[in-house]
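Chains, contacts and geometry: an overview
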Amino acid sequence: MEDKGINPWVSTEYSQPEYVRMIENIHALNENLIVRVEDFSLFYGDKPALKRINLSIKKNRVTAIIGPSGCGKSTLLRAFNRMNDLIPNVRIEGRILIDGEDICKKDTDLVALRRKVGMVFQKPNPFPMSIYENVAFGLKIAGEKDRARLDQLVEKSLRQAALWDEAGDILDRSALTLSGGQQQRLCLARALVIEPEIILMDEPASALDPISTAKLEALIYSLKKDYTIVIVTHNMQQAARVADYTAFLLLGELVEYDETRKIFTNPTDKRTEDYITGRFG
Amino acid sequence: MKGWDKFFALASGLCVLIIFAFLFWIIFIIARNGAGTISWEFFTAAPVEGMTEGGIFPAIYGTVFLVLVMTVFLMPFGVMAGIYLAEYAPQNSRLTQAIRLAVNNLAGVPSIVFGLFGVGFFIQYAGRGLDRTLGLETVFSQPCLLWAAATLAILNLPVVIKTSEEAIKAVPLEHREAAFALGATKLKMIVRVVLPQAFSGILTGAILSVSRGAGEVAPILFTGAAYYLPYIPKLPTDQFMELGYHIFVLSTQSPDVDKTQPLLYGTILVLLLLTLALNTFAIGLRVRMRRKYGR
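A few points on the structure. Quick caveat, the model's predicted, so the values are computed rather than measured.

1. Quick word on the packing of helix α4 (residues 94-108) of chain B against helix α6 (residues 145-169) of chain B
All names here are of chain B. One way to put it is that α4 packs onto α6 with a least axis distance of 8 Å and a crossing angle of 135°. Classified by the angle their axes make, α4 and α6 are oblique. Crossing angle aside, the handedness with which α4 passes α6 is left-handed. Between α4 and α6, the contacting residues are Arg100, Val103, Asn104, Leu106 and Ala107 on the first element and Ile154, Leu157, Pro158, Ile161, Lys162, Glu165 and Lys169 on the second. A breakdown of the residues in the contact of α4 with α6 according to their chemical character gives seven nonpolar, one polar and four charged.

Here it is, written out as structure tokens:
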């Protein structure tokens, strides 16, 4: 921590906190930390849902958030793209930095944030439109009108989401005619088309059968070279299979956060061990 | 107790039967007496000989014209109010509840009151103001189709507001979330995700109010409907003939009751078929919407 101290001889143009921020940002860049959560708390009314969370997420890695239901893992995930704003009476403290920028501020550009931080939900939620229109949605609301470019990007995203072989010929068909697994991959393609940096996945396989789940997990693995993925799951095997890092949340507190291997083989905290060995949860 | 059970089942069934009997009796009488009158001439000609002969074309034309202008007034206001209540109003706040209560009460106001309100507000206040501002002799400050349509629109506002609000609220939260997560603003979310899904519901409300508007007489009685017109109205500032009012006129003001009666039944039959067709269309739409979106 010493090297983060203030050197009054370097510059007088920056105030002390700004200077500390800059140094911290440089450190974060060096370590490829794309998301930094600092003393983040969230309250539903007066009830705390997240208590002073501190964690950093590495770029181009898969980070899993595990924990029993109601521990706040989805709430934490939805804090990264400010989806909690849709719920009335939510209050937050602390901050979340993405690419060094605090996203918890009042004047944060939510449109820009959500285009940078995409999301796949628990239940497949394609719009009742054609497959093509679903994928093109994110581009069209951003004003893209060039048909050739739309076609090209839609195909690219569907390929990335491993859905092109199945859906390439039926783009005009309603998305609701697809199977659950296909719908979830369509939702992934829909999120990918606007080229976010981070993809949040909120228990994306909880409504899927084992084969579709395996496909989705393979997909997550292949996507991490281009994207940073944060996945919430209640399925510990899934976390162990796909994630590089795992965070364990309990009653709104971050109990332990480490490399997945470490968490599952040699956890530091007794509560983590109890959870992953199935003693509760 | 078993005897009572049986009795109650029988009694309630009988009530339904009686209601249906009345309905079919009405339809039967009208159809039997009116069917003979229906002809090409009846649809295309104007009433002649003190309305004892000829057709009802001006009344059909006036009704359609009236209902079209009413829709132009009604839908933008009604749908926007529905959007406000469903999307923007703070849910469960006192003010929102007061607005909802007001909308419900508006639906309970007798239609003749709307008619008188139309005279007072539209013709004497808005119309006179318009004439004075534009420097016109009596154009807007008299009963005419424009104000009759506006009065009907107010009468039908509660229907459209409620059906729009319900149709908008029925769009699942997951779809809204998905749109927001893709960087949609609230406006884009509403325009691109909510309204397309709510469209059939909103249209259902529109058709129901059109079918109701076509049959209401009291609100247009003083605001623009004419007893008899020797010409077809061209401008919204003209007076007009209307089917419902024409029925009233034929049944009470005719110089020769026996000669008018077939015309009367024919007119009733046309009005009945028109509203029936509109209602059936609305129900069909709603069924289609339920099937499409699974609700």
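Let us keep going from here.
2. So, the interface of chain A and chain B
Taken residue by residue, the interface counts 23 residues in chain A and 17 residues in chain B. For the pair chain A and chain B, the summed buried area comes to about 1,700 Å², and 69% of that belongs to carbon and sulfur atoms. Glu177(B) is paired through a salt bridge with Arg78(A); the nearest N and O atoms lie 2.4 Å apart. Linking chain A to chain B there are six residue pairs in polar contact (both at pLDDT 80 or more). Going through the elements one at a time, α3 (110-116), β6 (117-120), α4 (131-140) and α7 (180-192) of chain A are the ones with two or more residues in the side of chain A that touches chain B. Considering every element that reaches the side of chain A that touches chain B, the biggest residue donor is α3(A), with three residues. Looking at side-chain class alone, the side of chain A that touches chain B contains 15 nonpolar, two polar and six charged residues.

3. Notes on the sheet that holds β6(A)
Residues and elements named next belong to chain A. One open sheet accounts for six strands, arranged β6-β7-β8-β3-β9-β10; its pairing is mixed. The open sheet terminates on both sides in strands that have one partner only, identified here as β6 and β10 (253-259). Taking each pair of neighbouring strands and ignoring which way they run, the sheet shows an average axis angle of 20°. Looking at chain direction, strand β9 (residues 245-250) and β10 are connected through six bridges and run antiparallel. Directly across from Ala247, in β10, lies its bridge partner Tyr257. Running at roughly 170° to β6, α7 makes contact with β6 and β7 (198-202) of the sheet.

4. A short note on a nonpolar patch on the surface
Residues and elements named next belong to chain B. On the surface, Val16, Phe20, Leu23, Phe24, Ile26, Ile27 and Leu272 cluster together to form a nonpolar patch covering roughly 610 Å² of accessible area. Sorting elements by how many residues they give to the nonpolar patch places helix α1 (residues 2-35) first, with six residues. Take Leu272: it is sitting in helix α11 (residues 257-293).

5. Focus: the pattern of salt bridges
All names here are of chain A. Counting across every chain of the model gives 27 salt bridges over all chains. Residues Asp39 and Arg52 are paired through a salt bridge, measuring 3.4 Å at the closest nitrogen-oxygen approach. Of this pair, Asp39 sits in strand β1 (residues 33-44) while Arg52 sits in strand β2 (residues 47-58), and the two are 13 residues apart along the sequence. Of the residues examined, Asp39 reaches a relative accessible area of 34% and is grouped as partly exposed. Residues Arg271 and Asp269 are paired through a salt bridge, measuring 3.2 Å at the closest nitrogen-oxygen approach. What makes Arg271 partly exposed here is its relative accessible area of 37%. What emerges from the salt-bridge pattern is a single network uniting Arg36, Glu38 and Arg95.

6. Thoughts on the pairing of β7(A)
Residue and element names in this part refer to chain A. Counting buried positions along β7 gives five out of five residues, so the element sits mostly inside the fold. Taking every second residue as pointing to the same face, both faces of β7 are buried, with Ile198, Leu200 and Asp202 on one and Ile199 and Met201 on the other. The pairing of β6 with β7 spans four bridges and is parallel. Note on β7: the bridge partner recorded for Val120 is Met201. Strand direction decides the pairing type here: β7 and strand β8 (residues 228-232), joined by five bridges, are parallel. Bridging across to β8, Asp202 finds its partner in Val232. Each parallel crossover has a hand, and the one from β7 via helix α8 (residues 210-223) to β8 is right-handed.

7. Let's talk about unusual backbone geometry
Residue and element names in this part refer to chain A. A positive phi angle, near 50°, is found at Asp39, a position not held by glycine. A positive phi angle, near 55°, is found at Ala162, a position not held by glycine. Structurally, the position occupied by Ala162 is in the loop between α5 (147-160) and α6 (164-167). Judged by its relative accessible area of 37%, Ala162 falls in the partly exposed class.

Procedures and definitions
Residues numbered from 1 in each chain as written. Chains lettered and ligands numbered in written order. Predicted model: local features only at pLDDT ≥ 70, side-chain atom pairs only at ≥ 80, totals over all residues. Heavy atoms only, no water. Axes fitted to C-alpha atoms, helices over the stretch in contact; angles between N-to-C directions. Helix = DSSP H or I, 4+ residues; strand = E, 2+ residues; numbered from the N terminus. Parallel < 35°, antiparallel > 145°, perpendicular 65-115°, else oblique. Left-handed = near helix turned anticlockwise from the far one by under 90°. Contact = heavy atoms within 4.5 Å. Nonpolar A, V, L, I, M, F, W, Y, C, P; charged D, E, K, R; others polar. Buried area = accessible area lost by both parts, 1.4 Å probe. Salt bridge = Lys/Arg side-chain N within 4 Å of Asp/Glu carboxyl O. Polar contact = N/O pair within 3.5 Å; in protein donor to acceptor, adjacent residues only side chain to side chain. Pairing = 2+ DSSP bridges. Patch = residues over 30% accessible without salt bridge, like charges linked within 9 Å, V, L, I, M, F, W, Y side chains within 5 Å. Areas by Shrake-Rupley, 256 points an atom, 1.4 Å probe, with all protein chains shown as cover. Buried < 20%, exposed > 50% of the residue type's maximum accessible area, 1.4 Å probe, protein only. Right-handed = clockwise from strand over helix to strand, strands pointing away.

Any functional reading would require information that these geometric values do not contain.
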